[in-house]
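Chains, contacts and geometry: an overview
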Amino acid sequence: MTGNVAPLGRRGTGRGRLGWNLLGLLVFATAGFPVYWMLNTALKPARDAIDPDPLFFPRTFTPENFARAFEVADFWGPVGRSLAVSLVVVLIGITVGMLAALAISRFAFRGRKVVIVGILAVQMVPLVAMIIPVFLLLNDLGQYDRLTGLIITYLTFVLPFTVWTLRGFIVNIPKELEEAAMVDGCTRTGAFVRVVLPLLAPGMVATSVYAFIQAWNEYLYALMLMSQQNQTATVWLGNFTTKHGTEYAPMMAGATMMAVPVVILFLLVQRRMAAGLTAGAVKG
Amino acid sequence: MPWALLAPCLLVLLLVLGYPLTRLVALSFQKFEQPQLWGFQQPEQVGLANFTRILGDGEFWAVVVRTVLFAGGAVTLTMVLGMLTALLLQRVSGWVKVLVNIALVAGWGMPVIVATAIFKWLFDTDYGVLNWLLSRLPGVDMIGHNWFAGGPQGLAVIMLLVVWGAVPFVAITLGAGLTQVPRELEEAARLDGAGSWGVFRYVTLPVLKPIIVMLTTLSVIWDMGVFPQVFVMRNGHPEAEFQLLTTYSYDKAFVVNDYGGGSAIALVTVVLLLGVVAVYMRQMLRIGEVG
């Protein structure tokens with residue numbers, strides 16, 4: 001440990017930085033390798049993928065694995081279902097979460113602490129502990145194998161998350177701005193809509209994207225609560241086997257199609273998310 | 001006013017969490033198997049029978065120990081590697097930082113199921129690139145090596161997968177925290193004769209402590225809840241030596257159709273987590289008070 005912290009004193013000097021850069025490149029190569037290998041396998045001809053002497057740089061690029069991934073099983077069905085579920089979950093999560101976040105960040109009231117503890121506590125319950133009663137509940141309600149059932153269950157983890165992160169973004173907006181607007185004649189709601197909401201918009205977008213990704217990535221509930229005909233994208237990929245066993249090249253093509261849009265969305269919002277998640281953590 | 005704003009949220013949470021949680025507790029005291037599921041029989045109250053059966057089962061304790069070791073290892077690795085990466089990123093040139101950040105974010109955003117599929121492929125017995133790469137090393141022959149032949153080695157691979165997906169969040173969050181460590185404090189410590197380790201130990205760590213506590217607790221909660229990684233890696237049927245509390249509870253409920261027993265295991269898991277949660281709650285409450 002000590003060795004890695006050593007050059008703090010000579011930050012920026014040429015010799016020290018070269019070593020750190022090399023180490024950084026090593027981290028880049030290691031951390032990035034699985035992603036590279038996915039793209040590499042997805043893009044090279046399937047017969048090259050199962051070469052015992054793997055090609056590090058594909059000689060030829062081919063879309064054939066992607067075509068095969070569509071062919072193996074209905075790809076758009078699961079993706080469409082995942083999209084629908086995730087979008088509805090985000091819509092409900094953001095609307096309901098926003099109201100709650102406002103309550104705990106802008107109002108002092110009796111029981112506020114209890115509410116905060118409650119919302120945090122539910123994040124602790126592991127999904128797998130809930131799956132048995134949720135399964136039985138949806139079974140009783142006739143919501144087993146229905147997208148609405150899945151949407152309801154996804155709110156268990158998306159809602160506490162949106163409340164907590166939106167709270168982080170709201171507390172970063174000075175109360176004085178609202179107060180000033182109210183002095184100038186705005187109502188409380190008016191001040192919120194005209195002053196806070198525009199400032200909050202980027203945070204809301206980031207939270208939505210993040211919540212969307214959480215719902216999109218969920219596996220366990222989707223596996224348990226939906227039948228094979230109604231599976232979502234994650235379950236589709238998890239079940240990716242053909243008559244010939246697991247064909248890794250098309251599987252990596254499927255993985256690429258599922259991951260690339262998500263990773264791009266993620267790249268766009270991650271900086272803001274890190275800021276929102278830790279809002280108040282250090283300053284406090 | 002605040003309660004009106006909170007009402008929809010509390011209502012939803014009560015419905016989607018309150019009810020199932022109550023049901024979970026109730027189930028763990030019931031005999032609930034296939035006939036009860038189909039509604040042919042009423043669930044029968046059995047008192048503590050599920051718990052005594054499970055706690056008296058040697059296999060259960062083996063699973064508990066395995067889960068704690070697995071989660072402990074994964075959390076330690078994640079936190080140490082995350083901290084080292086965050087510190088490293090402060091020291092590299094801008095373009096290296098950009099490259100590392102891209103790799104980190106790609107790993108972070110990667111859906112767990114996709115990451116699992118990739119690792120399955122990397123560690124494939126016959127065509128996995130890892131066996132090939134390792135065999136390039138002098139004196140090493142890993143061609144045809146099956147990483148999943150035994151529990152410890154297979155779980156080590158799964159731990160690697162979990163850590164790979166978890167380090168980015170920790171590194172990036174700690175990185176954000178590091179930028180908030182006051183420079184003057186570091187300078188002052190250095191003037192007082194502190195070495196780099198001293199500065200890290202007595203200035204950086206205390207400032208970052210709230211974030212570290214938060215990240216560690218979250219990691220414990222997530223790593224105790226690892227499911228798809230094991231489940232998919234073992235093609236939906238984890239062997240005995242791969243079972244963690246999550247998959248074990250799942251198997252009890254949905255494979256053996258012992259919903260009461262499965263619920264009892266899930267409840268024990270929740271109780272195990274409570275100790276960790278207490279620490280986390282104190283920290284988060286302190287943060288919540290800031291707003």
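All values reported here derive from a predicted model rather than from experimental measurement. (Residues numbered from 1 in each chain as written. Chains lettered and ligands numbered in written order. Predicted model: local features only at pLDDT ≥ 70, side-chain atom pairs only at ≥ 80, totals over all residues. Heavy atoms only, no water.)

1. Details of the overall build of chain B
When its secondary structure is counted, chain B shows 13 helices and two strands. Principal axes of the C-alpha set define a box for chain B whose edges measure 75 × 65 × 35 Å. Here chain B holds 291 residues, and 57% of them are scored as buried. Within chain B, residue pairs in contact and separated by at least 24 positions form 65% of the contacts whose partners lie at least 6 positions apart. Carbon and sulfur atoms make up 68% of the accessible area of chain B, which amounts to about 12,200 Å² in all. Of note, chain B has its 16 positive side-chain charges centred 6 Å away from the centre of its 17 negative side-chain charges. (Helix = DSSP H or I, 4+ residues; strand = E, 2+ residues; numbered from the N terminus. Buried < 20%, exposed > 50% of the residue type's maximum accessible area, 1.4 Å probe, protein only. Contact = heavy atoms within 4.5 Å. Areas by Shrake-Rupley, 256 points an atom, 1.4 Å probe, with all protein chains shown as cover. Lys, Arg positive; Asp, Glu negative; His and termini not counted. Charge placed at Lys NZ, Arg CZ, Asp CG, Glu CD.)

2. Some thoughts on the layout of surface pockets
Each pocket or cavity is described by its volume, and for the largest pocket that value is around 750 Å³. Forming the boundary of the largest pocket are 30 residues, of which Val27, Thr30 and Ala31 of chain A together with Leu81 and Trp164 of chain B lie nearest the centre. Mapped by element, the contributors of at least two residues to the lining of the largest pocket are α2 (14-43) of chain A together with α4 (58-91), α5 (94-109), α6 (112-122), α7 (129-136) and α8 (151-178) of chain B. Here the residues of the lining of the largest pocket sort into 26 nonpolar, four polar and no charged. (1 Å grid on protein atoms, 1.4 Å probe; cavity = no way out; pocket = protein on both sides within 12 Å on 5 of 7 lines; lining within 4 Å. Points joined across faces, edges and corners; volume = space filled by probe spheres on them. Nonpolar A, V, L, I, M, F, W, Y, C, P; charged D, E, K, R; others polar.)

3. Section: the interface of chain A and chain B
With 107 residues of chain A at the interface, the matching set in chain B holds 95 residues. At the boundary of chain A with chain B, total buried surface from both sides reaches about 9,400 Å², with 80% on carbon and sulfur atoms. The tally of links from chain A across to chain B stands at one salt bridge. Residues Arg23 of chain B and Asp140 of chain A are paired through a salt bridge, measuring 3.3 Å at the closest nitrogen-oxygen approach. Linking chain A with chain B are five residue pairs in polar contact (both at pLDDT 80 or more), by the criterion used here. Among the residues forming the side of chain A that touches chain B, the class breakdown is 77 nonpolar, 20 polar and ten charged. (Buried area = accessible area lost by both parts, 1.4 Å probe. Salt bridge = Lys/Arg side-chain N within 4 Å of Asp/Glu carboxyl O. Polar contact = N/O pair within 3.5 Å; in protein donor to acceptor, adjacent residues only side chain to side chain.)

4. Digging into empty space enclosed by the protein
By the definition in use, this model includes seven cavities of 30 Å³ or more. Space inside the largest cavity adds up to approximately 1,500 Å³. Contributing to the lining of the largest cavity are 50 residues, with Leu127, Phe157 and Gln214 of chain A together with Val112 and Trp222 of chain B lying nearest its centre. Tallied by class, residues from the lining of the largest cavity come to 36 nonpolar, twelve polar and two charged.

5. Points about the UniProt feature "transmembrane region" (unreviewed entry) in chain B
Residues and elements named next belong to chain B. Feature annotation in UniProt places "transmembrane region" (unreviewed entry) on residues 60-89, 98-123, 155-178, 199-222 and 259-281, given in this structure's numbering. Annotated as residues 155-178, this span is 100% helix and 0% strand, and its ends, taken at the C-alpha atoms, are 33 Å apart. For residues 259-281, the end-to-end C-alpha separation is 30 Å, with 100% helix and 0% strand making up the annotated structure. (UniProt positions renumbered as here; feature names shortened; annotations may be inferred.)

6. A few points about the side chain of Asp48 of chain A
All names here are of chain A. Along the chain, Asp48 turns up in helix α3 (residues 46-49). On the basis of relative accessible area, Asp48 is assigned to the buried category, the value being 13%. Once residues lying within four places of it in the same chain are set aside, the contact partners of Asp48 are Leu55 and Arg59.

7. Examining the UniProt feature "domain: ABC transmembrane type-1" (unreviewed entry) in chain B
Using the residue numbers shown here, the UniProt feature "domain: ABC transmembrane type-1" (unreviewed entry) corresponds to residues 64-280 of chain B. The span residues 64-280 of chain B is 77% helix and 0% strand, and its two end C-alpha atoms sit 22 Å from each other.

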